[in-house]
Amino acid sequence: EAQVTQNPRYLITVTGKKLTVTCSQNMNHEYMSWYRQDPGLGLRQIYYSMNVEVTDKGDVPEGYKVSRKEKRNFPLILESPSPNQTSLYFCASSQTLGITLYNEQFFGPGTRLTVL
Amino acid sequence: QQPVQSPQAVILREGEDAVINCSSSKALYSVHWYRQKHGEAPIFLMILLKGGEQKGHDKISASFNEKKQQSSLYLTASQLSYSGTYFCGTEIQAGGTSYGKLTFGQGTILTVHP
């Protein structure tokens, strides 16, 4: 089944404890992206990757790191989480058309993160 | 810069029509529309590119006015399943190409009653 998986789905942690949220897709998509969703603010892009070894900042990259060493995986790293990073996180992937983002994004199920 | 969606919320009876608007202050390369039901992941509805190309579900229609940097999503003969939050995402035009940076609006909550 074509899908985007995220782990963990739920996480409660404490301020300053490094964590990684994994994202994996099995559709051979070039494009992958991370979003956070907060009430009233919609979806905000954190980082995106047009292909392996190519990553760029979205609108809210502060406090986050990503890497794209393999096509299928795009982990989100919080080196020192803070309470303002409590949010619902979505990973998404898409097939690009050349260098154009012209296909639907498939979203993972989401990871609900709480930082105490 | 986050696009502005209007209205913020709309309530319909089954069979009624609705229009959701998305406006940007920047020149746009593309507009993406998604629907999200509570507690679920967003689902793709439509992509519109500058120049007129578009791709999406058959039952959904949308427009993209490049000069005004505005897009509208048209929901006709609404069904209960149309309920959810609708998001537009915009790609700013830069050098005539797409870079993958997508900025979403705050969302429009659509409720369809029987």
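Each value, and the rule that gives it
Residues numbered from 1 in each chain as written. Chains lettered and ligands numbered in written order. Predicted model: local features only at pLDDT ≥ 70, side-chain atom pairs only at ≥ 80, totals over all residues. Heavy atoms only, no water. Helix = DSSP H or I, 4+ residues; strand = E, 2+ residues; numbered from the N terminus. Polar contact = N/O pair within 3.5 Å; in protein donor to acceptor, adjacent residues only side chain to side chain. Contact = heavy atoms within 4.5 Å. Buried < 20%, exposed > 50% of the residue type's maximum accessible area, 1.4 Å probe, protein only. Pairing = 2+ DSSP bridges. Disulfide = S-S within 2.5 Å.

Next up on the list: the side chain of threonine 108 of chain B. All names here are of chain B. Checked against the element boundaries, threonine 108 lands in strand β11 (residues 108-113). In this structure the side chain of threonine 108 is engaged in a polar contact, spanning 3.2 Å, whose partner is the side chain of glutamine 5. At 2.7 Å, the side chain of threonine 108 forms a polar contact with the backbone oxygen of proline 7. When residues no more than four places from it in sequence are discounted, the contact partners of threonine 108 are Gln5, Ser6, Pro7, Gln8, Ala9, Val10, Ile20, Gly84, Thr85 and Tyr86.

Here we come to the pairing of strand β9 (residues 84-92) of chain B. Side chains on a regular strand alternate between the two faces of the sheet. Residue and element names in this part refer to chain B. For β9, the buried fraction is high: seven of the nine residues fall into the buried class. Bridging between strand β4 (residues 28-36) and β9 involves eight bridges; their strand directions are antiparallel. Considered in β9, the bridge of glutamine 36 is made with threonine 85. As paired strands, β9 and β11 are joined by three bridges and run antiparallel to one another. Bridge assignment links glycine 84 to a residue of β11, and that residue is leucine 110. Of the pairings in the sheet, the one linking β9 to strand β10 (residues 103-104) comprises two bridges and is antiparallel in character. Bridge assignment links glycine 89 to a residue of β10, and that residue is phenylalanine 104.

This brings us to the environment of lysine 65 of chain A. Residue and element names in this part refer to chain A. Within the secondary structure, lysine 65 is located in strand β7 (residues 65-66). You can call lysine 65 partly exposed: its relative accessible area is 41%. Counting along the chain gives 19 residues from lysine 65 to isoleucine 46, while the straight-line C-alpha distance between them is 9.1 Å. Contact partners of lysine 65, with chain neighbours within four places excluded, come to Tyr47, Pro75, Leu76, Ile77 and Glu79.

This model, assessed by the stated rule, comprises two disulfides over all chains. Shown here is the disulfide that connects cysteine 23 of chain A with cysteine 91 of chain A, its sulfur atoms set 1.8 Å apart. Of note, the bridge from cysteine 23 of chain A to cysteine 91 of chain A carries an S-S torsion of about -75° and is left-handed in sense. In this pair, cysteine 23 of chain A is assigned in strand β3 (residues 19-25) and cysteine 91 of chain A in strand β9 (residues 87-94), connecting sequence segments 68 residues apart. For cysteine 22 of chain B, the disulfide goes to cysteine 88 of chain B, at an S-S distance of 2.0 Å. Taking the torsion about the S-S bond as the criterion, the cysteine 22 of chain B to cysteine 88 of chain B disulfide, at about 70°, is right-handed. Here cysteine 88 of chain B lies in strand β9 and cysteine 22 of chain B lies in strand β3 (residues 18-23), a separation of 66 residues in the sequence. For the pair cysteine 22 of chain B and cysteine 88 of chain B, one class covers both residues: buried.

Everything listed here is a matter of geometry and, on its own, says nothing about what the molecule does.
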